[in-house]
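The residues making up each chain are set out below.
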Amino acid sequence: MNMPVTVAPLVALRRLRIGFGPPSRPPVVDGVDLDIGRGETVALVGESGSGKSLVAHTIAGIVTKAARVSAERFELGGVDLGAMPERTWRTLRGREIGVVFQNPRAALNPVRTVGRQIADVIHEHRGLSGAGLNEAVNGALAAVRIPEPALRRNAYPGELSGGMCQRVMIAIALAGNPSLLIADEPTTGLDTTTQAAILDLILGHASERRMATLLITHDLGLARAYADRIVVMHAGQIAEQAAAEALFAAPRHPYSAALIGATANDARSVADLVGIPGSLPDLDAGPPACRFAGRCDRATDQCIAEPPPFVFDVSRHGVACWRPL
Ligand SMILES: Nc1ncnc2c1ncn2[C@@H]1O[C@H](COP(=O)(O)OP(=O)(O)O)[C@@H](O)[C@H]1O
Ligand SMILES: [Mg+2]
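Residues numbered from 1 in each chain as written. Chains lettered and ligands numbered in written order. Predicted model: local features only at pLDDT ≥ 70, side-chain atom pairs only at ≥ 80, totals over all residues.

Participant: So what exactly am I meant to see when it comes to the pairing of strand S8 (residues 180-184) here?
Facilitator: One face of the sheet, then the other: side chains in a regular strand alternate in exactly this way. Within S8, 5 of the 5 residues are buried, which leaves the element mostly enclosed by the surrounding structure. By the alternation rule, side chains of S8 split into Leu180, Ile182 and Asp184 and Leu181 and Ala183, which are all buried. As paired strands, strand S7 (residues 97-101) and S8 are joined by 5 bridges and run parallel to one another. Looking across to S8, one finds that isoleucine 97 is bridged to leucine 180. Pairing analysis gives 5 bridges linking S8 to strand S9 (residues 212-217), with the strands arranged parallel. Opposite alanine 183, over in S9, you have leucine 215 as the bridge partner. Read from S8 through helix H8 (residues 192-208) to S9, the crossover connection turns out right-handed. (Buried ≥ 20, exposed ≤ 12 C-beta atoms within 10 Å, placed from the backbone. Helix = DSSP H or I, 4+ residues; strand = E, 2+ residues; numbered from the N terminus. Pairing = 2+ DSSP bridges. Right-handed = clockwise from strand over helix to strand, strands pointing away.)

Next up, the structure:
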């Protein structure tokens, strides 16, 4: 479901920069603008190392302390998070944002039953206890299609499959009824059938609750199947963004075109890309002004000297490239 552009977005992020090490080192995330509308599903795609998780962690308020983070604007539901004391916005975001990561078993507490872990968050967010809490836990397990909830709630994470653990994580993420769900590679490591079931579950809940969803994936096929809008990241910057079908129909950035070409050649995962020359630029060596220039057969001197501005057309299809397709 596409959002009219006039509606204020739920998440509005401008000029996000994230760096590590000395301030002289170029930031690993450099100037990312990202809007996510209420009820909208945005897929963030790009090779491993392009900065997708750092962006997601920043929005969720869980980015590593080692990172230097700055943004010109950072709003959630119209509230300026940049102007709030860190503690206040962490609590706010804890309620407003649910997160689902890859490797759910590692994210769960191994010595607490899954029922207890779900009960903890339901109690925290909804204040339920006793029989009401018990019922809510069974309901939460049923809502993520875990069979026999009254039995399974007594299992420890180690006794459940990866797919079942991911369902538990989704139940935990949904417990506070957040307005934004961030799913960072939620199906990596699961078998293909389970992947589809998990994504159907996440996006089904998102659509039912009109929740905004940020889906991070290196699988363009999944992005196309599940997202309203696709944002392509390369080396810490946004190369292109457009409605999912518009991006596939007519990619404008040479990097997106290469990714889509590789998808068409059956390398569904960006991780197995063939046909995109080179690798992400070495930031310590001083990247070219366009961070893709070193891999791009259309690059000119301008691409090395001057960063390309991000320009939108009338249909909100945007690209950062001096010589777009
Ligand atoms: N804790 C860290 N310390 C130093 N550099 C980091 C750290 N976390 C991430 N990075 C750098 O940021 C880049 C982007 O990381 P990440 O957001 O995890 O990429 P993605 O999720 O797209 O694979 C990494 O390639 C790495 O260079
Ligand atoms: Mg990642």
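There is more to say after this.
Participant: Sorry, what's going on with the packing of helix H4 (residues 114-126) against helix H7 (residues 162-174) here?
Facilitator: Axis angle and axis distance: for two packed helices, these are the angle between their axes and the distance between the axes, and together they describe the pair. It is the contact of H4 with H7, at a shortest axis distance of 8 Å, that shows an interaxial angle of 15°. One way to sum up the angle between H4 and H7 is to call them roughly parallel. Of the two elements, H4 crosses H7, and the hand of that crossing is right-handed. Between H4 and H7, the residues in contact are Val114, Gln117, Ile118 and Val121 and Val168, Ala171 and Ile172, respectively. (Axes fitted to C-alpha atoms, helices over the stretch in contact; angles between N-to-C directions. Parallel < 35°, antiparallel > 145°, perpendicular 65-115°, else oblique. Left-handed = near helix turned anticlockwise from the far one by under 90°. Contact = placed C-beta atoms within 7 Å.)

Participant: Where do I start with the sheet that holds strand S10 (residues 229-234) in this structure?
Facilitator: Backbone hydrogen bonds are what pair the strands of a sheet, in a parallel or an antiparallel way. Spatially, 8 strands are ordered S7-S8-S9-S3-S10-S11-S13-S12 in an open sheet, and the strand pairing comes out mixed. A single partner strand is all that each edge strand has here, and the edge strands are S7 and strand S12 (310-312). Taken over all neighbouring pairs, the strand axes of this sheet differ in orientation by 20° on average, direction set aside. Looking at chain direction, strand S3 (residues 41-45) and S10 are connected through 4 bridges and run parallel. In the strand pairing of S10, alanine 43 is matched with isoleucine 230. Taken strand by strand, H7 contacts S7 and S8, and its axis lies near 165° from that of S7.

Participant: Looking at this structure, I do not really get the nonpolar core. What am I missing?
Facilitator: Generally speaking, nonpolar side chains in soluble globular proteins are found buried as a group. With 87 residues, the main nonpolar core has Val11, Ala43, Ile118, Ala171, Leu180, Ile182 and Ile230 as its most contacted residues. In this view, isoleucine 230 contacts Ala43, Val45, Ala223, Gln241, Ala242, Ala244 and Leu247; residues no more than four positions away in its chain are not counted. (Core = buried A, V, L, I, M, F, W, Y, C linked by C-beta atoms within 7 Å.)

Participant: Can you walk me through helix H1 (residues 52-60) in this structure?
Facilitator: Turn by turn, an α-helix covers 3.6 residues, leaving residues three or four places apart pointing in a common direction. Among the 9 residues in H1, 7 count as buried, and that is most of the element. Every buried residue of H1 is accounted for by Lys52, Leu54, Val55, Ala56, Thr58, Ile59 and Ala60. Positioned one or two residues after H1, glycine 61 has a phi angle of 75°, which is positive.

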